[in-house]
Amino acid sequence: MKIIVNGEAVESAAPDLAALLTELGKGEAKVATSINEAFVPRGARGQQALRDGDRVEIVAPRQGG
Amino acid sequence: MPVFYGKDIPSRLMLGTAQYPSPAILAEAFRQSGAGIATVSLRREAGGERAGQAFWSLIEELGVAVLPNTAGCHSAREAVTTARMARELFETNWIKLEVIGHADTLQPDPFGLLEAAAQLCAEGFEVFPYCTEDLVLCERLVEAGCKVLMPWGAPIGTGLGLNNIYGLRSLRAHFPDIPLVVDAGLGLPSQAARAMELGYDAVLLNTAVARAGDPVAMARGFARAVEAGALAAKADPMDPRDMAAPSTPVLGKAFL
């Protein structure tokens with residue numbers, strides 16, 4: 001299925017968000033996540049099933065003012 | 001020194017972490033500024049890079065309190081989701097709430113800001129709203145649960161200083177017990193000193209230091225300015241007057 005990760009289309013078979021992060025090499029990374037504009041807490045990623053067309057955001061700490 | 005949501009902060013200077021020439025200069029500017037709070041954001045990482053982790057390690061070494069922002073959010077919904085992600089990522093209930101209403105001025109959207117602030121306060125966040133000096137908006141933000149207010153001095157990144165002294169002064173008079181921070185628009189230490197002289201608790205700035213030719217020297221300048229201004233505010237300044245009044249005694253002058 002096709003997932004939109006940070007605005008870019010990604011082909012993935014990951015059943016849930018935790019699996020997708022592992023697939024992207026970010027399983028242990030210091031990141032926060034959302035699906036379709038809703039926050040998904042770290043502890044809920046494994047129960048968060050992915051569907052074709054889901055929009056996933058993965059964000060990390062960055063400089064800010 | 002300011003107390004934000006029960007936490008004592010050892011400095012009246014709050015500093016942003018963006019736009020420095022290098023991580024080393026950022027770190028040295030922080031040390032020289034004595035800032036007690038660093039603002040940070042959260043953003044997408046490109047590809048497989050781990051820039052976020054490297055940046056986070058640098059911030060942790062600074063040993064300051066971290067205030068994540070919702071910079072770039074243009075709606076309450078977007079800001080609330082960003083705040084929830086920030087809380088998990090940075091492990092703090094503090095959030096510098098920005099809901100931008102205008103592209104040219106980056107003016108806060110008062111309506112979206114109030115909506116997001118109410119929602120986040122209800123979820124246990126400790127909200128630092130980036131707001132205008134509008135008295136009614138500030139009253140509503142306090143009613144919504146905000147225990148800090150952060151009115152702008154001037155639009156973000158302009159360096160224009162305090163555009164509405166009257167508005168900032170009346171805000172101080174109306175909220176004697178709420179910590180007030182001038183956030184954004186400062187370009188020079190004298191402007192930060194002025195904010196302190198008005199009785200403000202702290203200033204938050206980024207570009208003025210990061211974009212100076214010598215950020216480290218400018219950080220020292222701001223550190224001294226906020227200290228000078230705070231001392232002046234505490235010292236009960238004289239009232240200005242229109243007519244001259246000699247400071248040297250008139251009596252006893254030689255008749256020549």
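Residues numbered from 1 in each chain as written. Chains lettered and ligands numbered in written order. Predicted model: local features only at pLDDT ≥ 70, side-chain atom pairs only at ≥ 80, totals over all residues. Heavy atoms only, no water.

## Describing the UniProt feature "active site" (unreviewed entry) in chain B
In the numbering adopted here, UniProt assigns the feature "active site" (unreviewed entry) to K96 of chain B. Among the secondary structure elements, K96 of chain B is positioned in strand β6 (residues 94–97). Take K96 of chain B: its relative accessible area is 4%, and that puts it in the buried class. Those residues in contact with K96 of chain B, other than ones at most four positions away along the chain, are G65 of chain A together with T39, L67, P68, N69, T70, F128, Y130, M150, D183 and L204 of chain B. (UniProt positions renumbered as here; feature names shortened; annotations may be inferred. Helix = DSSP H or I, 4+ residues; strand = E, 2+ residues; numbered from the N terminus. Buried < 20%, exposed > 50% of the residue type's maximum accessible area, 1.4 Å probe, protein only. Contact = heavy atoms within 4.5 Å.)

## Re the packing of aromatic side chains
Residue and element names in this part refer to chain B. Tallied over the entire structure, the rule returns 4 aromatic pairs over all chains. Both rings, one in F4 and one in F128, keep their centres 5.5 Å apart while their planes meet at 70°; by these two values the pair is edge-to-face. Here F128 lies in strand β7 (residues 126–131) and F4 lies in strand β1 (residues 3–4), a separation of 124 residues in the sequence. Each of the two residues, F4 as well as F128, counts as buried. The structure contains a cluster of three or more aromatic residues connected by ring pairs, namely F4, Y5, W94 and F128. Taking the ring centre of F125 as reference, the NZ or CZ of R87 above it sits at 3.8 Å. In this structure, K96 is placed above the aromatic ring of Y130, and the distance from its NZ or CZ to the ring centre is 5.7 Å. (Phe/Tyr/Trp six-rings, centres within 6.5 Å; stacked < 30°, edge-to-face > 60°. Lys NZ or Arg CZ within 6 Å of the ring centre and 35° of its normal.)

## Brief notes about the interface of chain A and chain B
Each side of the interface is counted separately: chain A has 25 residues, and chain B has 30 residues. Contact with chain B buries surface across chain A, with K30, R62 and G65 of chain A losing the most and accounting together for 28% of the total. Our count for the contact surface shared by chain A and chain B stands at 3 salt bridges. At the boundary of chain A and chain B, one finds 16 residue pairs in polar contact (both at pLDDT 80 or more). Looking at the side of chain A that touches chain B, the elements with two or more residues in it are β3 (32–35), β4 (38–40) and β5 (55–63) of chain A. Here the side of chain A that touches chain B is built from residues that sort into 10 nonpolar, 8 polar and 7 charged. Here β5 of chain A pairs with strand β4 (residues 37–44) of chain B via 5 bridges, running antiparallel. Across the sheet, the residue bridging to P61 of chain A is L42 of chain B, located in β4 of chain B. (Buried area = accessible area lost by both parts, 1.4 Å probe. Salt bridge = Lys/Arg side-chain N within 4 Å of Asp/Glu carboxyl O. Polar contact = N/O pair within 3.5 Å; in protein donor to acceptor, adjacent residues only side chain to side chain. Nonpolar A, V, L, I, M, F, W, Y, C, P; charged D, E, K, R; others polar. Pairing = 2+ DSSP bridges.)

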